[in-house]
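Examining the three-dimensional arrangement
Residue-level listing of the chains:
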Amino acid sequence: MSMTIPDETFDCQSCGACCGYSADWPRFSMESDEELDRIPAAFVAADLSGMRCDGDRCSALGGEIGKHVTCRIYDVRPIVCRTCMPGDDECLMARLTLPSAA
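Our subject in this report is the structure included herewith. (Residues numbered from 1 in each chain as written. Predicted model: local features only at pLDDT ≥ 70, side-chain atom pairs only at ≥ 80, totals over all residues. Heavy atoms only, no water.)

1. Some words on the side chain of S22
The cut-off we apply is this: Counting from the N terminus, the helices are the DSSP runs of H or I reaching at least four residues and the strands are the DSSP runs of E reaching at least two. Between buried and exposed lies partly exposed: a residue is buried under 20% and exposed over 50% of the maximum accessible area for its type, with that area taken using a 1.4 Å probe on protein chains only. Polar contacts, as used here, are pairs of N or O atoms within 3.5 Å; protein pairs need one atom able to donate a hydrogen and one able to accept it. Residues neighboring in sequence count only if both atoms are side-chain atoms.
The topology assignment puts S22 in the segment before α1 (33–38). Taking the relative accessible area as the measure of exposure, S22 reaches 19% and is therefore buried. A distance of 3.1 Å separates a polar atom in the side chain of S22 from the backbone nitrogen of D24.

2. Looking at the nonpolar core
The line we're drawing: Remark: nonpolar core denotes a set of buried residues (Ala, Val, Leu, Ile, Met, Phe, Trp, Tyr, Cys) joined through side-chain atoms within 4.5 Å. Contacts are assigned to residue pairs with any non-hydrogen atoms lying within 4.5 Å of each other.
With 11 residues, the main nonpolar core is built from F10, C15, A17, Y21, W25, V80, C81, C84, C91, L92 and A94. Residue assignment for this core shows that the elements contributing at least two residues are α2 (79–83) and α3 (89–97). Tallying contributions element by element places α3 first for this core, with 3 residues. Excluding residues that lie within four positions of it along the chain, V80 makes contacts with W25, P26, R27 and E31. Formed by 9 residues, the second largest nonpolar core is a distinct cluster that contains I39, V44, M51 and C58.

3. Comments concerning the state of the cysteines
Inclusion rule: Counting rule for disulfides: a pair of cysteine sulfur atoms within 2.5 Å.
All told, the structure shown has 0 disulfides when counted by the stated rule. C18 takes part in no disulfide bond, and the closest cysteine sulfur, belonging to C19, lies 3.8 Å away. Its relative accessible area of 24% is what places C18 among the partly exposed residues.

Right under this line is the structure:
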């Protein structure tokens, strides 16, 4: 059973936990070739499996996690990023791993 907390409780631009808790998370799954072509190559992993990460942090994430962040490719971000919603299970899991972002 999935748990979701109302969106107004979370401000993604002052968090960023979902983009910085696991290098295995920002993976490509159901993107079309056209969608993948719109993602700048500098942000794509060498094996083309997902987003390039610096440690556990997505390379497209700008700013300081837990303070103020932004996605440098927000309009063309992968599906996994589009489906992560404020307060959903993935959000809560990421926030647990980064206490400073909670």
